[in-house]
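Secondary and tertiary structure notes
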Amino acid sequence: MSSQTHQQLASYDTFHKAPIIGYHRAPLSQKFGAPRQPNLVGLTSAIEMIAPFDTPAAFVGLEEFSHLWLSWQFHHNRGASNNDAKNENASNSQSFRAQVRPPRLGGNQKIGVFASRSMYRPSQLGLSVVKLERLQVIEGRVILIISGADMIDGTPIIDIKPYVAYSDSIEHAQSGFATDAPVLLDVSMTNEAQTQFLTLINSENDAASLSSEAVISKLQQQLVGEDKDLIQALIAQDPRPAYRRKEINTTFIMRYKSVDVSFCQNELGTLQIVAINEVL
């Protein structure tokens, strides 16, 4: 490539600013506890579309597909902002991490960022396949109810595309250092934590006729009986930092909906839920 071509490319704005078309609404509001990959936990959440992208006409035919590709933004990364494109591009270049330490490799071994699914990417964009549970039109606006997302509450959604099995599923694909699903840990719950959970659950499960705000509030805040299994499934993924996974009786706290779930590893290697307290 000639020096003149390099100069021409350098003069262009190399940052592509994509519109936000909606926001993810979910039980997890913090990164700690969120699945590290999609479809590891069947957590139900929603995509709340925003105008003008929330028109039902834009989704005609989507319900014929069982799964969706979602393009989204890591909005809780340090340094992430919604400034203009040039400022974001300069910031990303200055904070670029060429190598990362994947938890799957113990948190110590470095690999190239483009050989990983690390959240610290130049574009700050994520890509996930999720299951489309249903499409709801409430008060003329579209809400997508999904499951299996690895995103937290408030995640900006950049694009939605249908998952097409004949081209998107590669039968003999190689997966590098991540050949198998992560090993799940045993999870138990103390009697005290179970009692705390039972006093907090909300038995109202019918959201079919509710407003969009109520549907989203149910997903974000209202604790129901089914959440017990989901909380345990999230903790079984072991959300602790890789370098702290040998610590015994150290308490970690995962925010789920309107509660803080405290857990620790006991001498037998089981992650034990010791308390479930309402967030005040």
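Okay, so let's go over this structure. Position numbers for residues count from 1 along each chain, tracking the sequence in the order it is written. With the structure being a predicted model, the display of local features is reserved for residues of pLDDT at least 70 and the display and counting of side-chain atom pairs for 80 or more, all residues being used for whole-chain, interface and lining totals. Just so you know, side-chain values use all the structure's heavy atoms and leave hydrogens and water out.

A word on the overall build of the protein chain
Stated formally: Numbered from the N terminus, helices here are DSSP runs of H or I no shorter than four residues, and strands are runs of E no shorter than two. Pairs of residues are marked as contacts when any of their non-hydrogen atoms sit within 4.5 Å. Note on areas: these come from Shrake-Rupley sampling with a 1.4 Å probe, and a residue is covered only by the protein chains present in the view.
On a plain count of helices and strands, the protein chain comes out with six helices and 12 strands. Here the contacts in the protein chain between residues at least 6 apart in sequence split such that 70% fall between residues at least 24 apart. Surface summary for the protein chain: the accessible area is close to 15900 Å², and the carbon and sulfur share equals 51%.

Here we look at the sheet that holds strand β10 (residues 252-256)
What counts is decided by this rule: Strands were regarded as paired on the criterion that DSSP finds at least two bridges between them. Axis geometry follows a simple rule: fit a line to the C-alpha atoms, using only the stretch in contact for helices, then measure angles between N-to-C directions, giving values from 0 to 180 degrees.
Strands sit in the order β9-β12-β11-β10 across an open sheet of four strands; the sheet is mixed. Every other strand in the sheet has two partners, leaving β9 (187-189) and β10 as the edge strands with one partner each. The average angle at which neighbouring strand axes cross in this sheet is 35°, direction not considered. Together, β9, β11 (259-265) and β12 (271-278) form the strand contacts of helix α4 (residues 191-200), whose direction differs from that of β12 by roughly 35°. The sheet strands contacting helix α6 (residues 227-236) are β9, β10, β11 and β12, and the helix crosses β10 at an angle near 135°.

Section: helix α5 (residues 212-220)
Which entries qualify depends on this criterion: Burial classification: accessible surface area is computed with a 1.4 Å probe over protein chains only, and a residue below 20% of its type maximum counts as buried, one above 50% as exposed, and the rest as partly exposed.
Those residues of α5 lying buried are Ser 212, Val 215, Ile 216, Lys 218, Leu 219 and Gln 220. Buried residues in α5 make contact with β1 (22-25), β2 (44-49), β6 (125-138) and β7 (141-147).

Notes on unusual backbone geometry
The linkage connecting Ala 51 with the following residue, Pro 52, adopts the cis geometry, with an omega of 0°. The backbone of Asn 39 shows a phi angle near 65°, a positive value even though the residue is not glycine. Relative to the helices and strands, Asn 39 is located in the loop between β1 and β2. Judged by relative accessible area, Asn 39 falls into the partly exposed class, the value being 42%. You will see that Glu 139, though not glycine, has its phi angle at about 55°, which is positive. Inspection of the secondary structure puts Glu 139 in the loop between β6 and β7.

Re α6
Of all 10 residues that make up α6, seven are buried, and the element is covered over most of its length. The positive-phi residue at the C-terminal boundary of α6 is Asp 238, with phi of around 60°.

Some words on the nonpolar core
The condition is simple: Only buried Ala, Val, Leu, Ile, Met, Phe, Trp, Tyr and Cys residues count toward a nonpolar core, and they belong to the same one when joined by side-chain atoms within 4.5 Å.
If you look at the biggest cluster of nonpolar residues, it comprises 22 residues, and the most contacted ones within it are Ile 231, Ile 235, Met 254, Tyr 256, Val 261, Ile 273 and Ile 276. Elements with a contribution of two residues or more to this core: α4, α6, β10, β11 and β12. The dominant element in this core, judged by the number of residues it contributes, is α6, at four residues. For Ile 276, the contacting residues outside a window of four places in its chain are Met 189, Ala 193, Gln 196, Phe 197, Leu 200, Val 259, Asp 260 and Val 261. In terms of nonpolar packing, the next biggest core, distinct from the first, is built from 19 residues, Phe 59, Phe 74, Val 130 and Leu 135 among them.

Digging into the pattern of salt bridges
Note the threshold: Each reported salt bridge corresponds to a side-chain nitrogen of Lys or Arg within 4 Å of a carboxyl oxygen of Asp or Glu.
All chains considered together, the criterion is met by eight salt bridges. The partner of Arg 141 in a salt bridge is Asp 54, and the shortest N-O contact between them spans 3.2 Å. Note that Arg 141 is positioned in strand β7 and Asp 54 in the loop between β2 and β3 (67-73), a separation of 87 residues in sequence. Note that Glu 247 and Arg 244 form a salt bridge whose closest N and O atoms lie 3.0 Å from each other. For Glu 247, a relative accessible area of 26% corresponds to the partly exposed category. Given the relative accessible area of 26%, Arg 244 is considered partly exposed.

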